[in-house]
Structures are given as structure tokens and as C-alpha cells.
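A closer look at the structure
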Amino acid sequence: MNSIVAEHPCSAVIGSVSRFLMVLTEKTKNLGIDISDKEIDHVCYRCSTVREYQQVCDDLLAFGEILLNSMIGGRPIAMVALREPILFCHWSVRCIEVTCPKPGKVHQRGLEHAEVVIGTENDSIYNSKPQLEDFARQYPAIQFDEKAMHKEANADLSLTLVKGMSVKFHMRPVYEVISIEVETGHVVPIPDDYFEVALAEEARHSKAHTTTATPTLPNTLAGAKSTIIFPPPQDSDDAIAALLSDPVAMQHLVAMSLPRSGGWTVDAASARRQRQTTEFENGSSLNGAIYASGASKSEFAGIGGFRSIDWWNRSAEMGIILAPPFWRQGISVEVHYLCFVHAFEELCLNRIEFKTASSNTGMVKFCKDVLNANHDGTLRDAFPANDSSDPFKLYCDVELYSVLACEWPSLKAKLRKKLGL
């Protein structure tokens, strides 16, 4: 497996598909299952909320068309046919499945499985149990999940590779299955009021699990050196695409910069902004565009804010990426100060945490020496690897730091002195 690994632009929406497939195919091969001559017809992205499902489906329209959006197993599932397939080694993956959580269920979002076609064009999509049993008998030491093997149409075998990742085997490609089921009238439409009811229920569930009403998030935070605009404005798409593609700015977040597909496109940055706008509106994140000097939006300096906010636990994860021309100008210190003030004094959060690659010695030093952050530990193999010279080095260690509300008064005095306030 020595072909060049390229990243499809849809990774801006659903995460690194090439790295997902790299792990999945390697682990399948290590189990002795040879899929080198088989088609991988689709990968599946699992959404954590109904709102995310709608957003992901909309975002993927930039890269293809929806073949099917119907009720399957009591919840909506969409299948997107890509205009340009996902190319990984010698495989060409034509579709992305997007699954909505079932009512009352909570799922971890992310790429969850890929499906492999083990049949031929002479095989049917119906009554595939005998052929799947024959396939399973080739691997007597492997315990397949057979619960979907008894389906009349598009039966499959499933194999969990690691927690949250599985490979499935079926007889015919999903786009062929969909064509037949549409033609024969076996598609179950989504009820007209499904999303309205599901979103209302999701909102009630979220409110019931929140200690207090979610505070209103700010549209701007301003200081002497910088202004942060939440969420990023539409006219920042070009600058954000350039920043996320900058090899210097992204040297410790190489996988995020999509280097093997030539970096971020403006369309991908736009999809990212729209997703962050949705998260801002529902109070689940506070991501912004940073502008230098605080006087004009023209001097784009970077992005930063809270990647996620957990209202139940009153905590948030903070991150910042500055363009190299704005390094060492005090902007990072001020941005952290502005965000801390709002988080601890307005949003009443209890904890702010930071994750940075162990190789990012500058950020490690900043967390320890400037923010007085506590080192909570090292997360092993927690980020996609930052070594772009080795595409098969999958993950790198991450340092976890945090600041608590009880530590804020002394840190506030320190940062105000550093900023000359």
C-alpha cells in the first residue's frame, strides 16, 4: 500500500476520509481478510444530533447529490453520490452515507464504517444469507456480527475493528441497491413533520440536561490589539481558507490543513463557517475570526474561540490559530484574556481546557508559563499525526491543559499586567 494518499475535499465536512480508510484497510488486512480486489462502495458518517444531520447533508451537496434520504431502521439516512469519488490507494469510493441518531439516542459523531462489495454482477441484492455464510466460513477465527445477515434486501456481515470503527460486507454496491429499491417502491419517505418534531424534542432534551438556561453568546469581543467576531463573517472565507492551508501556521495541525489535496478551498471554508454558525446559534460552540488592531476588519489575523461548550459540565475547549505575521505581537495573550473574561465572568463556566500536540513546544510553553494552566496529562495517539513526511504515521500524542474558575482571579491579574491594563 504505497500509493500517494490524497484527501478528498469532503473531509472538510466529515473529517479525514483517507486516514479513516488507512486504518480500516490496514486492520482488515491484518486480520487476514483480503479486500484488495473488492470495491469499497461507501463510507458512513454518523451524526450526533438531528441538527447536525441536516447541516452535514446540506454541506455535502457541495460535492455531490443525494441519491436517497429516507427512513431506515426508524431514523433518516441519506446517501450522497459524489461527483468526484474519494480516491484512496487503488480504491475509488463513490458514496457517503449519513445517519441521523434515532429518537432518544446519543451517538459519537464521526466516520463509523465502510462497506465492501464481495459479490459479482450476477448476484442479487435479495436473499444473500447463503453467500454471506460462505464468506464468513473462509475466516473461522473471526467473529462476525450476523444480525443483519437475515435481511431480505442488502443483507450484510459486520466486523468491529476498533471501538467506533467497523467494516461491513455485502453483495452489491449501495448505489445499485438504492436504484432497485426506488424502482420497486421499497423506499420509506421521511414524514413531513419529522424534523420539526425531532428538533423540538432534541431542544427539550438539551434543556432538561442543562443546569441553567444557555446564556446568550457574544457577537464580538474587543481589546486594544484585536477584535474577535463570532461567528466568522462570510467575507472571511478566503482568508480562513488561506490560513488553514498555510504550512507554517498549520505545522502542528498538518492533517487539518488537507495538504495532499492542495489545502482548503473557499467552498470548504464556507461550509466550515456555516457549520460554526449553526453551532453558535444553538450555543454549542463559540468560534470566531480574529482581526488585528481592533480598528478594522481588513487585517485578518486568525481564528479562535471555544471549539465546543459543554453546558452540563460548565466547561469548554479553547483553540487559536494565528497567521504567522501576527505572532509575538501580544494578540494571542489578549485573545485568551478576552475569552477567559467572558467565559468565567459572563458564561459562568468552571473549566477551560486546551489540547495541543506534544511537538508544539511553543504552545506547551504558553500554556504553562503564560496561562499558568495545569497539565492534566498526555493523551496518547489523540490527534492525526503531524509528520507529513510519513503518511502512514497515523496519530500523535496530545498534551491536555486546563484553567479552572477558582484559578481565574490570580491569572486575570497576571494577564492584565502583561497586557498593561
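Here's a quick rundown of the structure. (Residues numbered from 1 in each chain as written. Predicted model: local features only at pLDDT ≥ 70, side-chain atom pairs only at ≥ 80, totals over all residues. Heavy atoms only, no water.)

Below, the discussion takes up the overall build of the protein. Looking only at helices and strands, the protein features 11 helices and 15 strands. Over its C-alpha trace the protein gives a radius of gyration of 23 Å, about what one expects of a compact globule, namely 22 Å for 421 residues. Considering the protein as a whole, with its 421 residues, one finds that 50% of them fall into the buried category. Across the protein, every contact between residues at least 6 apart in sequence was considered, and the portion connecting residues at least 24 apart equals 68%. Of the roughly 20100 Å² of accessible surface on the protein, a fraction of 50% belongs to carbon and sulfur atoms. Placing the 41 positive and 52 negative side-chain charges of the protein at their respective mean positions leaves the two points 8 Å apart. (Helix = DSSP H or I, 4+ residues; strand = E, 2+ residues; numbered from the N terminus. Rg over C-alpha atoms; globule rule 2.2 N^0.38 Å. Buried < 20%, exposed > 50% of the residue type's maximum accessible area, 1.4 Å probe, protein only. Contact = heavy atoms within 4.5 Å. Areas by Shrake-Rupley, 256 points an atom, 1.4 Å probe, with all protein chains shown as cover. Lys, Arg positive; Asp, Glu negative; His and termini not counted. Charge placed at Lys NZ, Arg CZ, Asp CG, Glu CD.)

Turning to the packing of aromatic side chains, a few remarks are in order. By the definition in use, this model includes 13 aromatic pairs. Ring geometry for Tyr53 against Phe195: centres 6.1 Å apart, planes inclined by 20 degrees, an arrangement best described as stacked. Of this pair, Tyr53 sits in helix α3 (residues 50-60) while Phe195 sits in helix α6 (residues 194-208); the two residues are 142 residues apart in sequence, bridging distant segments of the chain. Both residues of the pair, Tyr53 and Phe195, count as buried. Overall, the relative accessible area of 17% leaves Phe195 in the buried class. Members of the aromatic cluster, connected to one another through ring pairs, are Tyr337, Phe340, Phe344, Phe354 and Trp408. (Phe/Tyr/Trp six-rings, centres within 6.5 Å; stacked < 30°, edge-to-face > 60°.)

We now examine the sheet that holds strand β4 (residues 91-99). Strands sit in the order β2-β3-β4-β1-β5-β7-β6 across an open sheet of seven strands; the sheet is mixed. What marks the edges here is a single partner per strand, and that holds for β2 (64-72) and β6 (157-162). The mean inter-strand angle of the sheet, taken between neighbouring strand axes irrespective of direction, is 25 degrees. Alignment of β6 against strand β7 (residues 165-170), held across five bridges, turns out to be antiparallel. Of the residues in β7, the one forming a bridge with Leu159 is Val167. The sheet contacts of helix α2 (residues 17-30) involve β1 (39-46), β3 (75-88), β4, β5 (110-117), β6 and β7, and relative to β5 the element is tilted by about 55 degrees. Sitting on the sheet, α3 touches β1, β2, β3 and β4, and the angle it makes with β4 is about 145 degrees. (Pairing = 2+ DSSP bridges. Axes fitted to C-alpha atoms, helices over the stretch in contact; angles between N-to-C directions.)

Core analysis: the largest hydrophobic core is formed by 59 residues, its most contacted members being Phe306, Phe340 and Phe354. Of all the elements, helix α9 (residues 331-346) adds the most residues to this core, at nine residues. Setting aside its immediate chain neighbours within four residues, Phe340 contacts Met318, Glu345, Ile352, Phe354, Leu371, Trp408, Leu411 and Leu415. (Core = buried A, V, L, I, M, F, W, Y, C linked by side-chain atoms within 4.5 Å.)

The subject of this paragraph is the environment of Tyr45. Within the secondary structure, Tyr45 is located in strand β1. Taking relative accessible area as the criterion, Tyr45 reaches 5% and is therefore assigned buried. Linking Tyr45 and Cys100, residues 55 residues apart in sequence, is a C-alpha distance of 9.3 Å. Apart from residues lying up to four places away in sequence, Tyr45 is in contact with Ile14, Glu52, Val56, Glu97, Val98, Thr99, Arg109, Gly110 and Leu111. A distance of 2.6 Å separates polar atoms of two side chains, one belonging to Tyr45 and the other to Glu52. (Polar contact = N/O pair within 3.5 Å; in protein donor to acceptor, adjacent residues only side chain to side chain.)

Read from one edge to the other, the open sheet built from eight strands follows the order β8-β9-β10-β11-β12-β13-β15-β14, with strand pairing classed as mixed. This sheet does not close on itself; its edge strands, each paired only once, are β8 (220-222) and β14 (374-384). Direction aside, the axes of adjacent strands within the sheet are offset by 25 degrees on average. Of the strand pairs in this sheet, strand β10 (residues 286-292) and strand β11 (residues 300-310) are connected by six bridges, and their pairing is antiparallel. When the bridges of β11 are listed, Tyr291 appears paired with Phe300. Seen against the sheet, helix α7 (residues 237-245) touches β11 and β12 (315-322) and runs at an angle of roughly 85 degrees to β11.

By themselves these figures say nothing about function.
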